[in-house]
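Each chain, written out:
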Amino acid sequence: MTEPTFEQLCELFNYEPKRRPLDSREVAGILGVHPNTVDQYRFRGEGPRFFSPPGTRRVWYAERDVLAWLASGAKRSTSEQAAA
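Below you will find a few notes about this structure. Every chain begins its residue count from 1, and numbering advances along the sequence as written. Since the coordinates come from a predicted model, pLDDT governs what is reported: local features require at least 70, and pairs of side-chain atoms require 80 or more to be given and counted, while whole-chain, interface and lining totals use all residues. Think of the side-chain values as coming from all heavy atoms in the structure, minus any hydrogens and water.

## Some remarks on the packing of helix α2 (residues 24-31) against helix α3 (residues 35-44)
For helices, the fitted line uses only the C-alpha atoms of the stretch in contact; every axis is such a line through C-alpha atoms, and the angle between N-to-C directions lies from 0 to 180 degrees. Helix numbers and strand numbers start at the N terminus; a helix is a DSSP run of H or I with at least 4 residues, a strand a run of E with at least 2. α3 packs onto α2 with a crossing angle of 100 degrees between their chain directions and a minimal axis gap of 8 Å. Classed by the angle they form, the pair α2 and α3 counts as roughly perpendicular. The segment α2 lies against α3, with Ser24, Arg25, Val27, Ala28 and Leu31 engaging Pro35, Val38, Asp39, Tyr41 and Arg42. Looking at the contact of α2 with α3 residue by residue, the classes come out as 6 nonpolar, 1 polar and 3 charged. Under this scheme an angle from 65 to 115 degrees is roughly perpendicular, one under 35 degrees roughly parallel, and one over 145 degrees roughly antiparallel; angles in between are oblique. The contact criterion used is simple: two residues touch if any of their non-hydrogen atoms lie within 4.5 Å. In this classification, Asp, Glu, Lys and Arg are treated as charged, Ala, Val, Leu, Ile, Met, Phe, Trp, Tyr, Cys and Pro as nonpolar, and every other residue, Gly included, as polar.

## Considerations on the nonpolar core
Val27, Leu31, Val38, Tyr61 and Leu67 are the most contacted members of the largest nonpolar core, which totals 14 residues. Counting only elements with at least two residues in this core, the list comes to α1 (6-12), α2, α3 and α4 (63-71). Among all residues touching Leu67, those that are not within four sequence positions of it are Phe6, Leu9, Cys10, Phe13, Tyr15 and Ile30. Nonpolar cores are built from buried Ala, Val, Leu, Ile, Met, Phe, Trp, Tyr and Cys residues. Side-chain atoms within 4.5 Å join them into one set. Here the term buried applies to any residue with accessible area under 20% of the maximum for its type, exposed to any over 50%, and partly exposed to those in between, with areas from a 1.4 Å probe on protein chains only.

## Remarks on unusual backbone geometry
Phi angles above zero are rare outside glycine, and Asn14 is one such case at about 50 degrees. Here Asn14 is to be found in the loop between α1 and α2. Exposure remark for Asn14: the relative accessible area of 74% places this residue in the exposed category.

## Notes on α2
Among all positions of α2, only Ser24, Glu26, Val27, Ala28 and Leu31 are buried. Next to the buried residues of α2 lie α3 and α4. Measuring from the side-chain oxygen of the N-cap residue of α2 to the backbone nitrogen of Arg25 gives 3.2 Å; that N-cap residue is Asp23. Remark: Gly32 follows α2 within two positions and exhibits a positive phi of approximately 75 degrees. Within 3.5 Å is the distance limit for a polar contact, defined as a pair of N or O atoms, with the added protein rule that one can donate a hydrogen and the other accept it, and that residues adjacent in sequence qualify only through two side-chain atoms.

Worth remembering: the numbers are spatial, not functional.
Structure below.
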């Protein structure tokens, strides 16, 4: 199965793209979690891919990465493992 395009992911989650990098607070809003939860995902290496420019403490996320990570948890049954 091929990976969905960014446009397909936006449609799947009824997401209006901002077409710019997102900060942790914005990602938390998309995921419906507290910003600290997004930070914890990052610390544990469990969340979407992120970018941190050298010499800064800023963290940015690509919209496509966030939506793709969200879609990676798709299941058809509670007994089914999430897609890898």
